[in-house]
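Inside the fold
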Amino acid sequence: MGGAGILLFLLAWAGAGVAWSPPKGKCPPRCSCSKENTLCEGSPELPESFSTTLLSLSLVRMGVSRLKAGSFLKMPSLHLLLFTSNTFSVIEGDAFIGLSYLQYLFIEDNKIGSISKNALRGLRSLTHLSLANNHLEALPRFLFRGLETLTHVDLRGNPFQCDCRVLWLLQWMPTVNASVGTGACAGPPAVAQIQLNHLDPKKFKCRATELSWLQTVGESALSVESFSYQGEPHMVLAQPFAGRCLILVWDYSLQRFRPEEELSAPSVVSCKPLVLGPRLFILAARLWGGSQLWSRSSPDLRLTPVQVLAPQRLLRPNDAELLWLDGQPCFVVADASKAGSTTLLCRDGPGFYPRQSLHAWHRDTDAEALELDGRPHLLLASASQRPVLFHWVGGRFERRTDIPEAEDVYATKHFQAGGDVFLCLTRYIGDSMVMRWDGSMFRLLQQLPSRGSHVFQPLLIARDQLAILGSDFAFSQVFRFESDKGILEPLQELGPPALVAPRAFAQVTVAGRRFLFAACFKGPTQIYQHHELDLSA
């Protein structure tokens, strides 16, 4: 509503033929008053002494710099309040508290640049609101909370910056019965002069992710895995120099992770957990002395070694993975010895026994279990050839294809997004790669410079599909998968403290908090907490 419209509105409100004569002792200086209506112009401060039956108040060209909390407590009967051509720039919280009958609030053609999210609190009868032609670049979220009676809102003529700060407003407008006039955006340049109500809220990216350091676990580690046992999250670290698999749990009183149990495992490279009801298994893959299977039959017992695994086949394990085949749990252990063989071990009675030898003589460095086209697959990376993809056919793994353009790949990890399957391929020298499955093979999608990398680990944390590229020579890089672009975009560096030769990452959620573990070969394991930041707040 413009100035002429407001004037006509006030004339109609005052009623034709009503004389503006001040009640004795109730009309402040520079004001014209009647029993129910008052107009004040040029006052250096906010007038206070009005009739208790005042229904309409108009304030023009006043000298106050801000509207403070409780400014109108002495006028509880107001139905209409108008400000125009004033110099105040700030409206504080609860500025209109006590005006429970106010229906019309017009704050137009002023210099307002800041308004509290609680400024309109208590206006439960408000139907018409105008903040038109001020200096507002944004409005605080929840400004209109509790104003269920609104039917008209005018926000036009403000230099709105149509960034994340207006997202809540775009999401609010379709949810209310009020007609809302918003006007055009003043910036950023990409959307300048576009009508605010023409913007698509779905195109705004107003969430930020941050990983902040929380805790250090003193000994170095080669692998880290998360698992849930008896309803509680656990982490297990493979610590070769300490010669153990270390199991950690969350201490609710200290608000940090603490050791729960450790398994003796000299030269261990991987500690792989498997939970079957009340029973817990840990496969400890060891470089020397034979790989072992540990078991706990019930929660009140400790883990004990129950089996030496395939001592003639597993000569130099480098990685272990868990997979389910035909309804039964299996482990696959990648063997890096020239004379060894990557081995599939499946449960048979009380233990796990060799089901198939794979890829002999190729010095495999990594195994990755994944599902493609509804069937189990296995991807093996080795020191001697490109990664090879196997599929499960007739109770065994058969070679399906290899991955082109992928030489010198140390490790492979996969993730799913938007119905597609992606691979993160780690290369120590050269560029690590992201590939996507096209139905017949994996094809190159993206290359990321990597120097001294042994791990390129995708992780789904909350709603964020992340991938962390470790480095022995520089900071490790965190990327986030942007679904609209179909690629990984840089998010942040991990550190300080710096990760020293990172080898594995894993995430766990405890009591609504999300944590990232970074296992390091030449330094302590570092624990980070995942935070989501709302940039539209």
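Residues numbered from 1 in each chain as written. Predicted model: local features only at pLDDT ≥ 70, side-chain atom pairs only at ≥ 80, totals over all residues. Heavy atoms only, no water.

This next bit is on the overall build of the chain. Check the secondary structure of the chain and you find two helices and 39 strands. Taking 2.2 N^0.38 as the reference for a compact globule, 537 residues should give roughly 24 Å; the C-alpha atoms of the chain span a radius of gyration of 34 Å, well beyond that estimate. Viewed in the frame of its principal axes, the chain has a C-alpha envelope of about 110 × 50 × 40 Å. Buried positions account for 53% of the 537 residues belonging to the chain. (Helix = DSSP H or I, 4+ residues; strand = E, 2+ residues; numbered from the N terminus. Rg over C-alpha atoms; globule rule 2.2 N^0.38 Å. Buried < 20%, exposed > 50% of the residue type's maximum accessible area, 1.4 Å probe, protein only.)

The next subject is unusual backbone geometry. In this structure, the amide linkage connecting G187 to the following residue, P188, adopts the cis form with an omega of -5°. Tracing the backbone shows P188 in the loop between β11 (179–181) and β12 (207–217). Cis rather than trans, the peptide bond between G495 and P496 has omega equal to -5°. Positive phi, normally seen in glycine, also occurs at D326, with a value near 50°.

An order of β12-β39-β38-β37 is seen for the four strands of this open sheet, with the pairing classed as antiparallel. If you trace the sheet from one side to the other, it starts and ends with β12 and β37 (502–510), each paired once. On average, each strand axis in the sheet is tilted by 25° relative to the strand beside it, whichever way the strands run. Both strand β38 (residues 513–520) and strand β39 (residues 525–534) contribute to a ladder of five bridges, which runs antiparallel. Across the sheet, F515 pairs through a bridge with Q529, a residue of β39. (Pairing = 2+ DSSP bridges. Axes fitted to C-alpha atoms, helices over the stretch in contact; angles between N-to-C directions.)

Moving on to the pairing of strand β32 (residues 442–451). Across nine bridges, strand β31 (residues 429–437) lies against β32 in antiparallel orientation. Bridging from a neighbouring strand, R436 pairs with R443 of β32. What sits between β31 and β32 in their antiparallel hairpin is a turn of four residues, with G439 showing a positive phi close to 110°.

Here a disulfide denotes a covalent bond joining the sulfur atom of one cysteine to the sulfur atom of another. Tallied over the full model, the rule gives six disulfides. Note that C162 is cross-linked by a disulfide to C185, the S-S spacing being 2.0 Å. Because the sign of the S-S torsion sets the handedness, a value of about -95° for the bond joining C162 and C185 places this disulfide among the left-handed ones. You can see C162 sitting in the loop between β10 (152–154) and α2 (167–172) and its partner C185 sitting in the loop between β11 and β12, a full 23 residues away along the chain. Across the disulfide from C164 sits C206; the S-S distance is 2.2 Å. The disulfide joining C164 to C206 has a torsion of about -95° about its S-S bond and is therefore left-handed. Of this pair, C164 sits in the loop between β10 and α2 while C206 sits in the loop between β11 and β12; the two residues are 42 residues apart in sequence, bridging distant segments of the chain. Taken N- to C-terminal, the disulfide-bonded cysteines of the chain are connected 1-3, 2-4, 5-7, 6-8, 9-10, 11-12. Looking at C424, it has no disulfide partner, and the nearest cysteine sulfur is the one in C520, 19 Å off. Cysteine C520 remains unbridged, with the sulfur of C271 as its closest cysteine sulfur at 16 Å. (Disulfide = S-S within 2.5 Å.)

Taken as a whole and judged by the stated rule, the model has 20 aromatic pairs. Relative to F96, the ring of F72 lies with its centre 5.7 Å away and its plane at 10°, an arrangement referred to as stacked. Here the residue F72 occupies a position in the loop between β4 (66–67) and β5 (80–84), and F96 occupies one in the loop between β6 (90–91) and β7 (104–108), the gap between them amounting to 24 residues. Judged by relative accessible area, which is 0%, F72 ranks as buried. Of the aromatic side chains, those joined through ring pairs into one cluster are F72, F83, F88 and F96. Just above the ring of F142 sits the side chain of R145; from NZ or CZ to the centre is 4.5 Å. (Phe/Tyr/Trp six-rings, centres within 6.5 Å; stacked < 30°, edge-to-face > 60°. Lys NZ or Arg CZ within 6 Å of the ring centre and 35° of its normal.)

Taken from the UniProt record, the annotation "domain: LRRCT" (unreviewed entry) applies to residues 158–207. Secondary structure content for residues 158–207 is 12% helix and 8% strand, while the C-alpha to C-alpha distance between its ends is 25 Å. (UniProt positions renumbered as here; feature names shortened; annotations may be inferred.)

This part covers the pattern of salt bridges. Under the defined criterion, the tally for this structure stands at 33 salt bridges. Taking the shortest distance from any N to any O, the salt bridge between R61 and E41 comes out at 2.2 Å. Within this pair, whereas R61 is found in the loop between β3 (56–60) and β4, its partner E41 is found in strand β2 (residues 37–41), the two being separated by 20 residues in sequence. Using a relative accessible area of 47% as the deciding quantity, one classes R61 as partly exposed. With a relative accessible area of 40%, E41 lands in the partly exposed category. Its salt-bridge partner being R480, residue E482 comes within 3.5 Å of it at the nearest N-O pair. Given the relative accessible area of 15%, E482 is considered buried. (Salt bridge = Lys/Arg side-chain N within 4 Å of Asp/Glu carboxyl O.)

Right, let's get into the environment of L322. Mapped onto the fold, L322 is located in strand β21 (residues 317–325). When its relative accessible area of 25% is taken as the criterion, L322 is described as partly exposed. Sequence-distant contacts of L322, defined by excluding residues within four places in its chain, comprise K272, P273, L274, C330, F331 and A369. (Contact = heavy atoms within 4.5 Å.)

Taken together, eight strands build an open sheet; the order of strands is β1-β2-β3-β5-β7-β9-β10-β11 and the sheet is mixed. In this open sheet, the two edge strands, each paired with only one partner strand, are β1 (31–33) and β11. In this sheet, neighbouring strand axes are inclined to one another by 5° on average, regardless of whether the strands run parallel or antiparallel. When β7 meets strand β9 (residues 128–130), the two strands line up parallel, connected through three bridges. In the strand pairing of β9, F106 is matched with S130.

Here the focus is the environment of D534. Relative to the helices and strands, D534 resides in strand β39. By relative accessible area, D534 is classed as partly exposed at 39%. Each C-alpha atom of the pair D534 and L315 lies 51 Å from the other, and the pair is 219 residues apart in sequence. Sequence-distant contacts of D534, defined by excluding residues within four places in its chain, comprise R141 and C206. Side chain to side chain, D534 and S536 meet in a polar contact 2.6 Å long. (Polar contact = N/O pair within 3.5 Å; in protein donor to acceptor, adjacent residues only side chain to side chain.)

In this section: the confidence of the model for the chain. Predicted confidence across the chain gives a mean pLDDT of 92, with 95% of residues reaching 70 or more. Note on residues 2–24: pLDDT is under 50 here. Beyond four places in sequence and across chains, it has 34 contacts. (pLDDT = per-residue confidence, 0-100.)

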